[in-house]
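# Structural overview
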Amino acid sequence: MTVHPRGGHEKIHNDLGQIRCIKPICCCTWKCLKEIVPTLVKISQYKPDIQTLCPHCNAKNETLEHLLVTCTYSSSIWLQINVNVFNIQAQHTSVTEWIISWFIPVQNINSEEINNWLITLMSTAWQIWKNKCDKIFRNKTPNRWNTISDIKWLIKQSTTDFHQDKQCLSKQSSWSPPLHAQLKINLDASFDNETNFFGIDLIARDSTVTSRGIRGRYFNGGLDLEQTECLAIKEALVWAKEMQYGSLLLESDCQNVVTSINDAIPHVHWMNRGIVNETKQHLSTRIGTTINYVRRSDNKIAHIIANRARIIGASFDILDDIPLI
């Protein structure tokens, strides 16, 4: 297979920085490209006494090519994602060459399709690596169908971000005040994938655009951004109860969480469905409370303050009226 990388590894590094994907996935792709993934065979160069057989198939030594391409388990995952890795195997293409080919421009394909395809490939590779780690360090045998579900969830999260970013670039903010005698709480979460620290922010305003308060909360130990968005909604309901306000409108820029709360069918990862169901139960007992999805550009103040709560590592409450718009 002849590969013509556009600008080499440096160009691909720049491309990775432009892709809307969580950091561990981008880092995994870069490590695979540079062949610095700590496979068992690579680790054995420094620790000769370790077992190097693949923990999934127990048939071949775990090289990078075996881990991602030739292992029967990995191949089955790729096929479920509609990627025929048997062609890669037949052509004896290295992992580095294969990843370089992901970034070769294709004519007559728009940027959105390219972005979705890259995210599919990168998310699948990362999930295969993650399952290997779970097998070794947690003795957890991966379920193929749960793995496919996790990959599709990662793809959905990243492509949703891509669509939302395009909307924010094309439209100006159009935040509107709530109805008379109604309180609007804009909420957002900020999550650090490397440390698992996160912050959430709630901004309450009435129909006269008067701030009724700002609440920032800092936490350690989040699972992912989706979970933190669920927790932000849960905190907003607790805060509204404390303020004893009747009619309430919540606004969040996390579309899949809002859709999951308002629809009968959940659209969130299975690990976060418990929080969503708890929120649904809370809303069913609270008359006059609704939750809507808004564009990120309409929720930018909440995003800024959520970032601040995470960065400074502190929780806070501000009850004074502050001119926010």
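Quick note: structure is the one above.
Below or above, wherever it landed, is the structure these notes cover. Note that this is a predicted model, so its numbers are computed, not measured.

### A closer look at the pairing of strand S2 (residues 197-205)
Counted residue by residue, S2 has eight buried out of nine residues, so it is predominantly covered. With eight bridges joining them, strand S1 (residues 182-191) and S2 adopt antiparallel strand pairing. When the sheet's bridge partners are listed, leucine 187 is paired in S2 with leucine 202. Alignment of S2 against strand S3 (residues 211-220), held across nine bridges, turns out to be antiparallel. Bridge pairing links phenylalanine 197 to asparagine 220 in S3. Joining the antiparallel neighbours S2 and S3 is a turn of five residues, in which valine 209 adopts a positive phi near 65°.

### Some words on empty space enclosed by the protein
Applying the stated criterion across every chain, the model contains one cavity of 30 Å³ or more. The computed volume of the largest cavity comes to approximately 30 Å³. Taken together, Cys32, Leu68, Trp78, Val95, Trp98, Ile99, Trp102 and Ala125 make up the lining of the largest cavity.

### A word on the nonpolar core
Formed by 42 residues in total, the largest nonpolar core has its most connected members in Cys32, Leu68, Trp78, Trp98, Trp102, Phe103 and Met122. Among the elements of the structure, helix H1 (8-18), helix H2 (23-34), helix H4 (64-70), helix H5 (72-80), helix H6 (85-90), helix H7 (95-102), helix H8 (111-137) and helix H9 (144-170) are those that each provide at least two residues to this core. A per-element tally of this core places H8 first, with nine residues. Non-local contacts of tryptophan 78, meaning those with residues more than four positions away in its chain, are made with Leu68, Val83, Val85, Trp98, Leu121, Thr124, Ala125 and Ile128.

### Some details on the environment of serine 174
Positionally, serine 174 belongs in the loop between H9 and S1. Under the relative-accessibility criterion, serine 174 is labelled partly exposed at 46%. Sequence separation between serine 174 and valine 294 is 120 residues; the distance between their C-alpha atoms is 9.7 Å. When neighbours within four sequence positions are excluded, serine 174 is seen to be in contact with Arg295 and Asp298.

### Notes on the packing of helix H10 (residues 225-243) against helix H12 (residues 273-284)
Two numbers describe how H10 lies on H12: the axes approach to 10 Å, and their chain directions differ by 20°. When the axis of H10 is compared with that of H12, the two are roughly parallel. Judged by the twist between their axes, the crossing of H10 over H12 is left-handed. Of the residues in H12, those touching H10 at Gln227, Cys230, Leu231, Ile233, Lys234 and Leu237 are Ile275, Val276, Glu278, Thr279, His282 and Leu283. Class assignment for the residues of the contact of H10 with H12 results in seven nonpolar, three polar and two charged.

### What about helix H13 (residues 300-312)?
For an α-helix, the turn length of 3.6 residues means that residues three or four places apart are oriented alike. Between its first and last C-alpha atoms H13 spans 18 Å; for 13 residues at 1.5 Å apiece the expected length is 18 Å, and the two agree. What H13 keeps buried is the set Ala302, Ile305, Ala306, Asn307, Ala309 and Arg310. Next to the buried residues of H13 lie S1, S2, S3 and strand S6 (316-318). The first or second residue beyond H13 is glycine 313, which carries a positive phi of 65°.

### Concerning the packing of H5 against H8
Taken N-terminus to C-terminus, the directions of H5 and H8 make an angle of 150°; their axes are 11 Å apart at the nearest point. Between H5 and H8, the interaxial angle falls into the category roughly antiparallel. Like other packed secondary-structure pairs, H5 and H8 cross with a definite hand, here right-handed. Residues Tyr73, Ser74, Ile77 and Trp78 of H5 touch H8, and the partners they reach there are Leu121, Thr124, Ala125, Ile128 and Asn131.

### Examining the sheet that holds S1
In a beta sheet, neighbouring strands are held together by backbone hydrogen bonds and run either parallel or antiparallel to one another. Spatial strand order, S5-S4-S1-S2-S3-S6: six strands in an open sheet with mixed pairing. At either margin of the open sheet sits one strand with a lone partner, and together these are strand S5 (289-293) and S6. Geometrically, the sheet is characterised by an average inter-axis angle of 15° between neighbouring strands, direction not taken into account. With respect to the sheet, H13 is in contact with S1, S2, S3 and S6, its orientation differing from that of S2 by roughly 140°.

### Considerations on the packing of aromatic side chains
Taken as a whole and judged by the stated rule, the model has four aromatic pairs. With 5.3 Å between their ring centres and 80° between their planes, tryptophan 98 and tryptophan 102 make a pair best called edge-to-face. On the criterion of helical spacing, the pair formed by tryptophan 98 and tryptophan 102 is a turn pair, its members being four residues apart in helix H7. Residue tryptophan 98 is classed as buried on the basis of its relative accessible area of 6%. Measuring from centroid to centroid gives 5.0 Å for phenylalanine 198 and phenylalanine 219, while their planes differ by 20°, and the two rings are stacked. Taken together, the positions of phenylalanine 198 in strand S2 and phenylalanine 219 in strand S3 put the pair 21 residues apart, joining distant regions of the chain. Overall, the relative accessible area of 3% leaves phenylalanine 198 in the buried class. Here phenylalanine 219 falls in the partly exposed class, since its relative accessible area comes to 32%. Clustering of aromatic rings is evident, with ring pairs tying together Trp78, Trp98 and Trp102.

Each value, and the rule that gives it
- Residues numbered from 1 in each chain as written.
- Predicted model: local features only at pLDDT ≥ 70, side-chain atom pairs only at ≥ 80, totals over all residues.
- Heavy atoms only, no water.
- Buried < 20%, exposed > 50% of the residue type's maximum accessible area, 1.4 Å probe, protein only.
- Helix = DSSP H or I, 4+ residues; strand = E, 2+ residues; numbered from the N terminus.
- Pairing = 2+ DSSP bridges.
- 1 Å grid on protein atoms, 1.4 Å probe; cavity = no way out; pocket = protein on both sides within 12 Å on 5 of 7 lines; lining within 4 Å.
- Points joined across faces, edges and corners; volume = space filled by probe spheres on them.
- Core = buried A, V, L, I, M, F, W, Y, C linked by side-chain atoms within 4.5 Å.
- Contact = heavy atoms within 4.5 Å.
- Axes fitted to C-alpha atoms, helices over the stretch in contact; angles between N-to-C directions.
- Parallel < 35°, antiparallel > 145°, perpendicular 65-115°, else oblique.
- Left-handed = near helix turned anticlockwise from the far one by under 90°.
- Nonpolar A, V, L, I, M, F, W, Y, C, P; charged D, E, K, R; others polar.
- Expected span 1.5 Å × (residues − 1).
- Phe/Tyr/Trp six-rings, centres within 6.5 Å; stacked < 30°, edge-to-face > 60°.

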